[in-house]
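# What the coordinates show
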Amino acid sequence: MPLPKIPSKPATILLAKDYPEAEPGKSPVRAAAAAENDPVEDLISGQAVPAKSTRARKSKAALLAEAPAREATPPAAPATLPAPPRTDKNGKPGPNDGVTAKLRETDMNEPHPAKHKPVEVNVKSPASRKADNSGAAKMFVLDTNVLMHDPTSLFRFEEHDVYLPMMTLEELDNHKKGMSEVARNARQVSRTLDALIANTDDDAIETGIPLAKLGNKDAKGRLYFQTRLNAAELPEGLPSGKADNQILGVVRALESDQSGRAIVLVSKDINMRIKARALGLAAEDYFNDHVLEDTDLLYSGIVQLPDDFWTKHGKNMESWQEIKGGTSSTYYRVTGPLIPSLMVNQFVYFEPKNGEAPFSGQVREINGKTAVIQTLRDYSHNKNNVWGITARNREQNFALNLLMNPEVDFVTLLGQAGTGKTLLALAAGLAQVLETKVYNEIIVTRVTVPVGEDIGFLPGTEEEKMSPWMGAFDDNLEVLMKSDGDAGDWGRAATQDLIRSRIKIKSLNFMRGRTFVNKFLIIDEAQNLTPKQMKTLVTRAGPGTKILCLGNIAQIDTPYLTEGSSGLTYVVDRFKGWSHSGHVTLARGERSRLADHASDVL
């Protein structure tokens with residue numbers, strides 16, 4: 001679950017008792033004013049007492065009622081009688097019955113519960129919204145960090161034009177040296193600009209270069225360069241030699257030159273956008289790299305079947321059994337209106353009610369409104385344990401069915417801390433490397449982004465340098481290597497040496513050009529990878545290799561990466577529905593009661 005967003009402006013939270021009840025023929029304000037003088041029932045003694053004595057401080061509605069009110073004609077009484085109080089199936093008053101139902105004392109003193117979570121909304125500038133309403137093409141002035149974050153951002157603005165200040169080109173030149181991801185992106189942008197400007201006349205540079213010149217048909221706008229010095233006045237006190245201020249001066253000069261057009265600055269730098277808005281300039285973040293606007297819409301891999309699923313989909317249902325790999329599975333072919341909304345390898349479950357047997361399955365095929373659902377292997381039973389590990393909840397059982405299925409080549413597991421992502425992945429890897437020998441080695445890697453300050457260079461070989469980053473795997477290996485106590489110290493040491501010999505720790509920096517054959521590749525902390533880095537890793541897979549991506553998108557440490565633009569979010573959205581991939585979002589923590597409570601309250 002993503003962390004709650006901090007509200008942009010303070011809000012007043014009313015208590016449940018402060019909300020006035022509307023009555024037929026009376027406005028809520030006048031009803032609240034009249035209620036101030038009416039006797040009410042004391043919740044403790046049960047006797048009628050004056051309303052003013054029950055509350056020392058008046059409610060907000062009462063204060064509004066005491067203010068000078070405008071003369072208005074009271075509304076006419078309703079022609080029909082008020083509806084009787086609603087009751088449930090047992091005859092008890094419903095939740096909205098204000099006549100007989102009473103609020104508990106705790107409900108009266110607690111704030112009104114929030115029903116909607118804050119949604120991250122991409123706020124556009126007023127000039128940009130006005131241009132969208134009129135359908136006019138905008139001109140986007142790109143900051144350097146946008147190009148270095150996404151080298152293809154030049155072609156992501158559809159029919160709108162792109163303007164590059166000379167200072168942006170200067171900063172690109174300053175960042176092109178080195179072997180980092182930023183330096184590679186800067187060099188790629190320079191090569192793209194060189195290809196766009198090749199075989200172009202000087203007049204064409206002044207009038208704009210078509211962005212579709214290199215085959216990007218979606219980019220229908222033009223590319224403009226700063227060809228002359230723009231004299232724009234900035235407020236006194238801003239240092240004119242700073243690159244950000246020079247770009248702001250270019251935006252202001254463009255606004256004065258093209259007064260009838262929307263000029264929008266696009267930057268990943270928050271302070272740059274704040275300075276632009278403070279100067280009255282339109283500024284926005286770069287949103288085109290976001291896979292989803294709201295991460296709650298991210299594919300979870302799990303769907304709960306409605307109560308009437310078998311009633312609507314059980315007609316002409318077919319069922320049969322197949323034995324694969326020594327395991328018998330039951331298949332159901334069902335047809336109905338819910339099927340088109342499902343995806344291949346998505347897990348479905350039916351919540352048992354009234355003593356019914358629980359059902360959980362996996363969608364194997366979809367053809368129009370017909371789907372084939374396969375029953376799952378119960379890994380919560382001790383006889384089906386994976387390297388001594390059994391599933392503790394429904395989501396872990398779904399994850400183990402993906403991890404132990406040799407037909408699934410790509411698995412993504414999302415979840416907060418303590419949900420068992422690393423433990424399940426390591427247990428499945430050891431079982432398939434040392435027991436069934438489906439794979440010959442486990443390779444573990446992760447991005448080396450520190451949470452705090454960097455500790456500097458580390459001595460030793462590649463594996464020794466990576467060992468401080470692999471503390472999570474060492475902790476889980478200690479749990480998995482608890483063998484039988486009768487084996488003795490020599491037996492336990494031999495088991496540990498065998499397990500360690502089959503696990504290799506690799507760095508992301510040396511993955512380019514490699515090919516892994518028959519490997520069990522685990523990518524930990526995958527939420528810190530960019531989509532381009534994720535593509536580099538996934539394309540390393542050779543024949544017989546299985547790749548696992550583990551992460552929590554609520555804990556991103558890489559600069560300029562958000563929940564919507566993370567590489568883990570990217571692959572989950574792009575791989576959903578493929579017959580050889582699967583995804584599960586683990587929801588319940590199983591580490592300890594302390595860790596679960598800390599995840600909820602901290």
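The notes below deal with the structure included here. Fair warning: this is a prediction, and the values are worked out from it, not measured in the lab.

## Section: the overall build of the protein
The number of helices and strands found in the protein is 20 helices and 20 strands. Counting over 602 residues, the protein shows a buried share of 39%. For the protein, the share of sequence-separated contacts (at least 6 apart) that also reach a separation of at least 24 residues comes to 66%. Just so you have it, the protein exposes about 35,100 Å², and 53% of that area is on carbon and sulfur atoms.

## Quick word on the packing of helix α10 (residues 243-257) against helix α11 (residues 270-278)
Where α10 contacts α11, the axes come no closer than 11 Å and their chain directions differ by 40 degrees. It follows from the interaxial angle that α10 and α11 lie oblique. Judged by the sense of rotation from one axis to the other, the crossing of α10 with α11 is right-handed. In contact with Asp244, Asn245, Ile247 and Leu248 of α10, α11 contributes Met272, Lys275 and Ala276. Among the residues making up the contact of α10 with α11, the classes are represented as four nonpolar, one polar and two charged.

## Examining the sheet that holds strand β13 (residues 359-367)
In spatial order, the strands read β9-β12-β13-β14-β11-β10; together these six strands make up an open sheet with mixed pairing. Looking at the sheet topology across the chains shown, the edges are occupied by β9 (302-304) and β10 (318-324). When the angles between neighbouring strand axes are averaged without regard to direction, this sheet yields 30 degrees. Where strand β12 (residues 347-350) meets β13, four bridges bridge the pair, whose relative direction is antiparallel. Across the sheet, the residue bridging to Phe347 is Gln362, located in β13. Here helix α13 (residues 394-403) sits on the sheet in contact with β9, β12 and β13, set at roughly 145 degrees to β12.

## Some thoughts on the sheet that holds strand β4 (residues 161-164)
The six strands lie next to each other as β5-β6-β4-β3-β7-β8, forming an open sheet whose pairing is mixed. Looking along the sheet, the strands with just one partner apiece sit at the ends: β5 (209-210) and β8 (282-284). In terms of strand pairing, β5 meets strand β6 (residues 222-225) through two bridges, oriented antiparallel. Along β6, the bridge assignment pairs Pro210 with Arg222. Packing against the sheet, helix α8 (residues 181-197) makes contact with β4, β5 and β6, and its axis sits at approximately 100 degrees to β6.

## A short note on the pairing of strand β3 (residues 139-142)
In β3, alternate side chains face the same way, and those of Met139 and Val141 on one face and Phe140 and Leu142 on the other are all buried. Relative to β4, β3 is paired through three bridges, and the arrangement is parallel. The partner of Phe140 across the bridge, within β4, is Val162. Following the chain from β3 across helix α6 (residues 144-149) to the adjacent parallel β4, one finds a crossover that is right-handed. Relative to strand β7 (residues 263-266), β3 is paired through four bridges, and the arrangement is parallel. Among the inter-strand pairings, Met139 is bridged to a residue of β7, identified as Ile263.

## Observations regarding the pattern of salt bridges
What the rule picks out here adds up to 13 salt bridges. Of the charged contacts, one joins Lys176 and Asp173 as a salt bridge, the two residues approaching to 3.0 Å between their closest N and O atoms. Judged by its relative accessible area of 34%, Lys176 falls in the partly exposed class. Taking the relative accessible area as the measure of exposure, Asp173 reaches 37% and is therefore partly exposed. Two residues, Arg273 and Asp285, come together in a salt bridge whose shortest N-O distance is 3.5 Å. Of the two residues, Arg273 sits in helix α11 while Asp285 sits in the loop between β8 and β9, which places them 12 residues apart along the sequence. Via salt bridges that share partners, Lys268, Arg273 and Asp285 belong to a single interconnected network.

## Things to note about the packing of helix α7 (residues 166-174) against α10
Between α7 and α10, whose axes approach to 9 Å, the crossing angle comes to 150 degrees. In terms of axis orientation, α7 runs roughly antiparallel to α10. Only Ala243, Gln246 and Ile247 of α10 make contact with α7, whose side of the interface consists of Met167, Thr168 and Glu171. The class makeup of the residues in the contact of α7 with α10 is three nonpolar, two polar and one charged.

## As for a positive patch on the surface
Side chains of Arg191, Arg512, Lys532 and Lys535 sit close together on the surface and give a patch of like positive charge. Within the secondary structure layout, Lys532 lies in helix α18 (residues 531-538).

## Details of α11
Taken together, the buried positions of α11 are occupied by Met272, Arg273 and Ala276. One side of α11 holds all its buried residues, which, seen down the axis, span an arc of 95 degrees. Opposite the buried face of α11, by more than 90 degrees, sit the exposed residues Ile270, Asn271, Ile274 and Ala278. The N-terminus of α11 is capped by Asp269, whose side-chain oxygen sits 3.2 Å from the backbone nitrogen of Asn271.

## Some words on the side chain of Gln432
In this fold, Gln432 is placed in helix α14 (residues 421-435). Ignoring any residue separated from it by four or fewer positions in sequence, one finds Gln432 in contact with Leu403, Met404, Lys437, Val438, Tyr439 and Phe520.

## Focus on the side chain of Gln396
By secondary structure assignment, the location of Gln396 is in helix α13. What makes Gln396 buried here is its relative accessible area of 5%. Here the side chain of Gln396 touches Thr419 through a polar contact of 3.0 Å, landing on its backbone oxygen. If we skip the residues at most four places from it in the chain, Gln396 touches Thr390, Ala391, Thr419, Gly420, Leu424, Leu586 and Glu590.

## Considerations on the packing of aromatic side chains
In this structure the tally under the stated criterion is 11 aromatic pairs. Every member of this aromatic cluster is reached through a ring pair, and the members are Phe309, Trp310, Tyr332 and Phe359. We note Arg394 situated over the ring of Tyr349; from NZ or CZ to the ring centre the distance is 3.9 Å.

## What about the nonpolar core?
Core analysis: the biggest nonpolar cluster contains 40 residues, and Leu403, Leu430, Ile442, Ile499, Ile503 and Val584 have the highest contact counts within it. No other element matches α14, which puts nine residues into this core. Not counting the four nearest positions on each side in its chain, Val584 is found in contact with Ser300, Ile302, Phe347, Glu395, Phe398, Ala399, Leu402, Thr412, Leu413 and Leu414. If you look at the next biggest cluster of nonpolar residues, it comprises 25 residues, including Leu142, Val146, Phe155 and Leu196.

The rules behind each value
- Here, residues in each chain are numbered from 1, in the same order as that chain's written sequence.
- For this predicted model, a pLDDT threshold of at least 70 governs which residues receive local features, and a threshold of 80 or more governs which side-chain atom pairs are given and counted, while totals over whole chains, interfaces and linings are taken from all residues.
- In computing side-chain values, all of the structure's heavy atoms are included and hydrogens and water are not.
- Only DSSP runs of H or I with at least four residues qualify as helices, and only runs of E with at least two residues qualify as strands; both kinds are numbered from the N terminus onward.
- Accessible area is worked out with a 1.4 Å probe on protein chains only. A residue is then buried under 20% of its type maximum, exposed over 50%, and partly exposed in between.
- In this description, contact between two residues means that some pair of their heavy atoms is separated by no more than 4.5 Å.
- Calculation of accessible area relied on Shrake-Rupley with a 1.4 Å probe; when residues are assessed, cover is drawn exclusively from the protein chains displayed.
- Only the stretch in contact is used when a helix axis is fitted, and all axes are lines through C-alpha atoms; the angle between N-to-C directions ranges over 0 to 180 degrees.
- Working definition: roughly parallel below 35 degrees, roughly antiparallel above 145 degrees, roughly perpendicular at 65 to 115 degrees, and oblique for all remaining angles.
- If you view the pair so one helix is near and one far, a crossing is left-handed when the near helix is turned anticlockwise from the far one by less than a right angle, and right-handed when it is turned clockwise.
- Throughout, the ten residues Ala, Val, Leu, Ile, Met, Phe, Trp, Tyr, Cys and Pro are labelled nonpolar, Asp, Glu, Lys and Arg are labelled charged, and all others, Gly among them, are labelled polar.
- Between any two strands, pairing holds if DSSP finds at least two bridges.
- Handedness of a crossover is defined as follows: orient the strands so they point away from the viewer, and if the path from the first strand over the helix to the second runs clockwise, the crossover is right-handed.
- One side-chain nitrogen of Lys or Arg within 4 Å of one carboxyl oxygen of Asp or Glu is enough to make a salt bridge.
- By definition, no residue in a patch forms a salt bridge, and every one has over 30% relative accessible area; like charges are joined within 9 Å, nonpolar side chains (Val, Leu, Ile, Met, Phe, Trp, Tyr) within 5 Å.
- In this count, Lys and Arg are taken as positive residues and Asp and Glu as negative ones, while His and the chain termini are left out.
- Charge coordinates come from a single atom per side chain, which is NZ of Lys, CZ of Arg, CG of Asp or CD of Glu.
- The arc in question is the one traced by the directions running from the helix axis out to the C-beta atoms.
- In protein, a polar contact requires one atom able to donate a hydrogen and another able to accept it; more generally it is a pair of N or O atoms within 3.5 Å, and residues adjacent in sequence count only if both atoms are side-chain atoms.
- For this analysis, a ring pair means two rings from Phe, Tyr or Trp (six-membered ring only for Trp) whose centres lie within 6.5 Å, classed as stacked if their planes differ by under 30 degrees, edge-to-face if by over 60, and tilted for the remaining angles.
- A ring has a charge above it when a Lys NZ or an Arg CZ is no more than 6 Å from the ring centre and no more than 35 degrees off the ring normal.
- Working definition of a nonpolar core: buried Ala, Val, Leu, Ile, Met, Phe, Trp, Tyr and Cys residues. They are joined through side-chain atoms within 4.5 Å.

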